[in-house]
Amino acid sequence: MKNSLEKANYYLKRVLTNDIVRTTFGFFLFLGVAAWIMLLTENPSQQDKFDNFFHALWYAIVTVTTVGYGDMSPTSTGGQVSAIFIIFVGIAYSGILTGNITTWLVERNRRKQLGQSPLKKLDGKFLVCGWKSDMSHLLKDILTLHDKKSDYLVLLNNMNPNTVNELRQDPQLRDFYYFRGDDTSIEHLENARAATADRVLVLADQRPGSSPEEKDFQSVLTCLSMSRINPEIYLISEILLPKFRRYLDHARVEEIVLSSLNERSLLCNMAMMSGMYNLFKILFDISNGLLDIRRLPLHFEGRPFQEVKEEVQDVMVIGLLENIGNLSKRKTERLAQIQKSPSIKQAIEGLADLKKMESNTPVLNPPPDYLVKGNSALIVLKANPYGLNKVVDQYISRTGVVQEGKLLIESNIQETLLQAGTWREYFGLLASSSIELVVENGIISKVISGRESYLLKELDVPYKVLQEICQAYISEVHAPNAKNRPFHATPQDFLAEIPNTKFSNFIEIPEDTNKGRLFILGWKPELPEMLHFLIIQQFVNSSVEWKDITVVANVNDETHDSFHSQFANFDNIFFIRGDFADHDVLKLAKIETATKVLILAETESGKSFEEIDAQTVLATMMVAELNKRAYKVAEILDKRYEGTLENSKVEEIICLDEFSRRMLTLGSHGKGITNILREFINMERTVVSFLDITPSLVGQPMEKLYRAHCLPGILVLGILEEAGNMYVRKSEKIRQAQFNPAIEQAVKELIQVKDLQPNQVKIAPSPDYIIPSNAKVILLHSSDHRGWEDYMEDKG
């Protein structure tokens, strides 16, 4: 009761001390006094007009406001004198009142522009906490994705209000709401109407002078404050350092965007597999991306994944997204189910699963018998509904694994010799094609692929080839310590001695950009970690094999010494100090021997973004001059330089700002797509891979390639056309056109060469699509390998 009285007394004092309230009260008091004076002075002479107080008040109001209807006017001397007094005092009072109201309105609008006024009656808005340098593009991307107008957005940050209000100059962002404050403060979050927001995006605030730890700590505090205000709100947060992720899990954040880790993972994937960024642009484009999340009806719950796929007719299904929506709700529902468990053992197991439960967990390409859980959605590609999706269903539903037959095994055994540089790589490529060699009594007795098995003598492969492969397999794989060595040191040495063999005259295989010499130009603090990842990949991924990796960067002595101490035991890791855009430095590094060149944007160098991108452009031009055959990947900060890099014949261009903004925008949708993207570029296991297409499949229909690669746990997504260095590709096309006897056709081919673009992605082409030369197959590997193993074991 006491608190209520104190609060009432506080508000009463605020009202009574307000200038507008006092002026308004005085104005109406003056009108009442003026009406009383006129009634006293004019009533005796004009009883028909000034007959009561209301009529006198009417006259006072009309007079003070200078309306002057003329229906009433004083006739006595006292009344006229009183009227003069009322007119002058009333005009003054009206001016004061109007001025106060105008001042109040101007001040209220100023406070609103400065973000100082608490927002009221705003429900279902999108709250964005923090600030980014490319805020305008980010906000417009969010509006595009949600198909909303700018009044859907509420901004909460501590930026200079003038900087924030500059966004309103863009017509698309004219009507957003703004409150200036600390997004870690519960009071300021409430003033920004966070409690009634549709969802909240917490950015890694780009405050000047703050470290990554400070930025992430602020994001964590903001999310914890939000979880106190509204535990059921959908939270998306950006952080820079992975170590803070566990704290965001405690704050019940549904989607976590690890900007720096994602960028690092992307760069590592680009170093391993050419064409990856183009695939991401096709799948995760904000307005027209092929990847989408589709909610499942309740009747699909508990049914096998294959049955669900067969009922989806218009898209290509590639997996499931589990525990969609607010994680707090999901856990509450799961806990209610656990409480109904018939046994203590089941309850304990359920609680253990509950503890591990994560929001929006992607399960890519699960086995056909994988049971669909509640609160799941389909991960789909909005691709040709009559393409590979239907071919997949036909084969999987019939056998659970595609069987191509003896012909495929024969062609793989022979054609893989053309692709491998070493015997170790050769047998690794066979294993990636699911071809297993069985050794009995010291010799290879049979070959197994999927569910098919053939004796070695049953295969239509030249005896010399079988003899060489057997000797190499026994000595290199089965018994590496044996004294017997293969007849030839490498497959290429073997092929050089038998040029007339039937498989040695195939169409030229494109150069492999995952082998040879890798050059990395530029420095990032996380570069040593990236190099360790690439080194590990050479042992676990047979398609990646760098002879050596050379880093060219201009760093200080401390960084240089630290690098050498970390890689002192690696004979194939080199470091050249100097400006990587300098001709002499690149010549010293022997850039002309490079197979692939990765040019980094040195964001930690202290230079402006323009200077960083200018250095990247100069470096690409210099590399193109010194080594036309190198596959070039360049990282830029501003998309304006993309055209310049394309003119420098750069095969892949990574725009970091665009990639980071795309991650944040997709996260704002609340569909869990950022988790899927993070799974695609996972550095711990390969989910997406690009493999060379065996020459015998070039010119064949797509269905045949699918049958060759659709193996347990592997799904064909599509084709990467024109893979490799564009200089080489165009040279080949020009050479082919020169040998064309038809002049008209040759001219058409030369025109096509001019418009040739590298790494064109074709997702789920139709079964009759003809496989072109210089292409790679895009494969999606299952994230549930154990499930596939159990499934195949059940199938016998």
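Everything numeric here is computed off the predicted structure, so don't read it as measured data.

Asks: Quick one: what's the story with the overall build of the chain, residue by residue and with numbers?
Replies: Looking only at helices and strands, the chain has 30 helices and 23 strands in total. Considering only contacts within the chain whose residues lie at least 6 apart along the sequence, 73% involve residues at least 24 apart.

Asks: Which residues make up the packing of aromatic side chains, and what values do they have?
Replies: Enumeration over the complete set of coordinates arrives at twelve aromatic pairs. Measuring from centroid to centroid gives 6.1 Å for Trp 523 and Phe 563, while their planes differ by 70°, and the two rings are edge-to-face. Of this pair, Trp 523 sits in the loop between β14 (515-521) and α20 (527-540) while Phe 563 sits in helix α21 (residues 557-566), placing them 40 residues apart in sequence. Residue Phe 563 is classed as buried on the basis of its relative accessible area, which comes to 2%. Three or more aromatic residues joined by ring pairs make a cluster, and in this case those are Trp 523, Phe 563, Phe 567, Phe 570 and Phe 575. The positively charged end of Arg 168 is found above the aromatic ring belonging to Phe 176, 3.9 Å away from the centroid.

Asks: Give me the lowdown on the pairing of strand β17 (residues 596-599), citing residues and values where you can.
Replies: Burial of β17 is two-sided: the residues Lys 596 and Leu 598 facing one way and the residues Val 597 and Ile 599 facing the other way are all buried. Sheet topology note: the β17/strand β18 (residues 631-636) ladder contains four bridges and is parallel. The residue of β18 that forms the bridge with Val 597 is Lys 632.

Asks: Explain a nonpolar patch on the surface to me, using residue names and the numbers behind them.
Replies: On the surface, a nonpolar cluster with roughly 390 Å² of combined accessible area is contributed by Ile 84, Ile 87, Phe 88 and Ile 91. Position of Ile 91 relative to the elements: it lies in helix α4 (residues 77-113). On the basis of relative accessible area, Ile 91 is assigned to the partly exposed category, the value being 42%.

Asks: Can you explain the sheet that holds strand β9 (residues 361-364)? Please cite residues and give values.
Replies: Backbone-to-backbone hydrogen bonds pair the strands of a sheet. The strands run either parallel or antiparallel. The strand order across the open sheet built from four strands is β7-β10-β8-β9, with neighbouring strands paired in antiparallel fashion. Edge positions in the sheet fall to β7 (291-295) and β9, since each has one partner strand and no second. Neighbouring strand axes in the sheet, compared pairwise and without regard to direction, differ in orientation by 35° on average. Helix α26 (residues 673-680) rests against β7, β8 (316-322), β9 and β10 (376-381) of the sheet, and its axis sits at about 50° to β9.

Asks: Run through the sheet that holds strand β4 (residues 199-202), naming residues and quoting values.
Replies: Ordered by their spatial adjacency, six strands build an open sheet running β3-β2-β1-β4-β5-β6, and the pairing between neighbours is parallel. The open sheet has two edge strands, β3 (177-180) and β6 (255-258), and neither has a second partner. Across the sheet, the mean angle separating the axes of adjacent strands is 15° when strand polarity is ignored. Bridging between strand β1 (residues 126-129) and strand β2 (residues 153-157) involves four bridges; their strand directions are parallel. Considered in β2, the bridge of Cys 129 is made with Leu 156. Sheet strands touched by helix α8 (residues 212-229): β1, β4 and β5 (234-239). Its angle to β5, the strand with the most contacts, is close to 170°.

Asks: Explain the nonpolar core residue by residue, including any values.
Replies: Grouped together as the largest cluster of nonpolar side chains are 91 residues, with contacts concentrated most on Ile 318 and Phe 680. Sequence-distant contacts of Ile 318, that is, excluding residues within four places in its chain, are made with Leu 291, Leu 364, Asn 365, Pro 366, Ile 379, Leu 381, Phe 680, Leu 715, Leu 717 and Leu 780. Formed by 27 residues, the second largest nonpolar core is a distinct cluster that contains Ile 413, Val 465, Leu 466 and Ala 472.

Asks: An account of the packing of helix α25 (residues 656-668) against α26 is requested, with residue identities and associated values reported.
Replies: Running from N to C, α25 and α26 cross one another at 135°; their axes reach a closest spacing of 7 Å. Here α25 is positioned oblique relative to α26, judged by the angle of their axes. Mapping the contact onto sequence places Phe 659, Met 663, Leu 666 and Gly 667 in α25 and Ile 673, Thr 674 and Leu 677 in α26. Its residues assigned to classes, the contact of α25 with α26 shows five nonpolar, two polar and no charged.

Asks: Just give me the short version of α26, but keep the residues and values in it.
Replies: The buried fraction of α26 is high, at eight of eight residues. Listed in full, the buried residues belonging to α26 are Ile 673, Thr 674, Asn 675, Ile 676, Leu 677, Arg 678, Glu 679 and Phe 680.

Asks: Could you give an account of the packing of helix α10 (residues 259-272) against α25, naming the residues involved and the relevant values?
Replies: Contact geometry of α10 with α25 gives a least axis separation of 11 Å together with a crossing angle of 125°. By the angle between their axes, α10 is oblique relative to α25. Handedness of the crossing formed by α10 with α25: right-handed. In contact with Ser 259, Asn 262, Glu 263 and Leu 266 of α10, α25 contributes Leu 656, Phe 659, Ser 660 and Met 663.

Asks: Quick rundown of the pattern of salt bridges? Include the residues and the values.
Replies: For the structure on display, the rule yields 14 salt bridges. Residue Asp 170 pairs with Lys 140 through a salt bridge whose shortest N-O separation is 2.9 Å. Taken together, the residues span a long stretch of sequence, with Asp 170 in the loop between α6 (161-165) and β3 and Lys 140 in helix α5 (residues 135-146) at a distance of 30 residues. You'll find Asp 170 and Lys 140 in the same group, each marked buried. Across the pair Glu 307 and Arg 303 runs a salt bridge, and its minimum N-O distance is 3.3 Å. Judged by relative accessible area, which is 36%, Glu 307 ranks as partly exposed.

Criteria and cut-off values
- Residues numbered from 1 in each chain as written.
- Predicted model: local features only at pLDDT ≥ 70, side-chain atom pairs only at ≥ 80, totals over all residues.
- Heavy atoms only, no water.
- Helix = DSSP H or I, 4+ residues; strand = E, 2+ residues; numbered from the N terminus.
- Contact = heavy atoms within 4.5 Å.
- Phe/Tyr/Trp six-rings, centres within 6.5 Å; stacked < 30°, edge-to-face > 60°.
- Buried < 20%, exposed > 50% of the residue type's maximum accessible area, 1.4 Å probe, protein only.
- Lys NZ or Arg CZ within 6 Å of the ring centre and 35° of its normal.
- Pairing = 2+ DSSP bridges.
- Patch = residues over 30% accessible without salt bridge, like charges linked within 9 Å, V, L, I, M, F, W, Y side chains within 5 Å.
- Areas by Shrake-Rupley, 256 points an atom, 1.4 Å probe, with all protein chains shown as cover.
- Salt bridge = Lys/Arg side-chain N within 4 Å of Asp/Glu carboxyl O.
- Axes fitted to C-alpha atoms, helices over the stretch in contact; angles between N-to-C directions.
- Core = buried A, V, L, I, M, F, W, Y, C linked by side-chain atoms within 4.5 Å.
- Parallel < 35°, antiparallel > 145°, perpendicular 65-115°, else oblique.
- Nonpolar A, V, L, I, M, F, W, Y, C, P; charged D, E, K, R; others polar.
- Left-handed = near helix turned anticlockwise from the far one by under 90°.

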